[in-house]
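Residues per chain, in single letters:
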Amino acid sequence: MGKSIRAEARHPDVDLWKDLLKVIYAKHKLSVFFKKPVDYVALNIPHYPTIVQEPMDLGTVERKLATNAYATLDAYARDCRLVFSNAMLFNKIETHQVHVAAKKLSAFFESKARELEAGTYQPRPPPGQGRATPRAG
């Protein structure tokens with residue numbers, strides 16, 4: 001059968017959005033909390049779904065990127081923002097490690113989202129092709 005409508009409607013900047021997600025993932029000490037859905041049963045926080053009405057995690061964002069589920073930067077950014085705002089909502093104490101990580105990643109994401117909006121976002125170079133300047137000699 002033919003391609004799905006979603007696959008045909010791929011946004012031209014989706015590779016930049018994927019790159020930004022990879023950059024966020026690379027900040028492992030901060031992103032580790034957000035890579036998978038919150039397992040509130042295993043974490044023994046049964047009240048989580050009463051506080052967080054619309055769960056979101058970076059793994060879900062990644063899957064949605066892979067299936068071209070985002071038609072706009074706004075839709076992609078909304079889900080990314082939701083990851084961090086949910087974490088700060090649930091972990092209200094500003095010194096809590098998850099709150100701190102969410103706040104830092106949120107600020108980083110917002111700076112990069114502004115670059116995406118302005119068309120100035122620079123993706124990471126492919127592995128083995130660093131940004132170092134050539135040596136003379």
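Refer to the preceding data block for the structure.
Residues numbered from 1 in each chain as written. Predicted model: local features only at pLDDT ≥ 70, side-chain atom pairs only at ≥ 80, totals over all residues. Heavy atoms only, no water.

A few words on the packing of aromatic side chains. For the structure on display, the rule yields 7 aromatic pairs. Between Phe-33 and Phe-34 the ring centres are 6.0 Å apart and the planes differ by 70°, which places this aromatic pair in the edge-to-face class. According to the relative accessible area criterion, Phe-33 is partly exposed, its value standing at 31%. Looking at Phe-34, the relative accessible area reads 5%, which means it is buried. (Phe/Tyr/Trp six-rings, centres within 6.5 Å; stacked < 30°, edge-to-face > 60°. Buried < 20%, exposed > 50% of the residue type's maximum accessible area, 1.4 Å probe, protein only.)

Turning our eyes to something else, we now look at helix 7 (residues 97-118). For helix 7, with 22 residues, the first-to-last C-alpha span of 32 Å sits near the 32 Å given by 1.5 Å per residue. Buried within helix 7 we find Val-98, His-99, Ala-101, Ala-102, Leu-105, Ser-106, Phe-108, Phe-109, Ala-113 and Leu-116. Structurally, helix 7 contributes buried residues whose contacts are with helix 2 (14-26), helix 3 (28-31) and helix 6 (73-90). The first or second residue beyond helix 7 is Gly-119, which carries a positive phi of 80°. (Helix = DSSP H or I, 4+ residues; strand = E, 2+ residues; numbered from the N terminus. Expected span 1.5 Å × (residues − 1). Contact = heavy atoms within 4.5 Å.)

Mapped onto the secondary structure, His-96 falls in the loop between helix 6 and helix 7. Here His-96 falls in the partly exposed class, since its relative accessible area comes to 33%. Separated by 3.0 Å, the side chain of His-96 and the backbone nitrogen of Val-98 make a polar contact. (Polar contact = N/O pair within 3.5 Å; in protein donor to acceptor, adjacent residues only side chain to side chain.)

A few words now on a nonpolar patch on the surface. Taken together, Val-38, Tyr-40, Val-41 and Leu-43 make up a surface patch of nonpolar side chains, about 380 Å² in accessible area. Following the sequence through the fold, Leu-43 ends up in the loop between helix 3 and helix 4 (48-51). (Patch = residues over 30% accessible without salt bridge, like charges linked within 9 Å, V, L, I, M, F, W, Y side chains within 5 Å. Areas by Shrake-Rupley, 256 points an atom, 1.4 Å probe, with all protein chains shown as cover. Salt bridge = Lys/Arg side-chain N within 4 Å of Asp/Glu carboxyl O.)

This part covers the environment of Arg-81. As for its position among the elements, Arg-81 is in helix 6. When its relative accessible area of 32% is taken as the criterion, Arg-81 is described as partly exposed. Residues Arg-81 and Phe-109, 28 residues apart in the sequence, show an inter-C-alpha distance of 8.1 Å. If we skip the residues at most four places from it in the chain, Arg-81 touches Phe-109, Glu-110 and Ala-113. Among the polar contacts made by the side chain of Arg-81, one reaches the side chain of Glu-110 at a distance of 2.6 Å.

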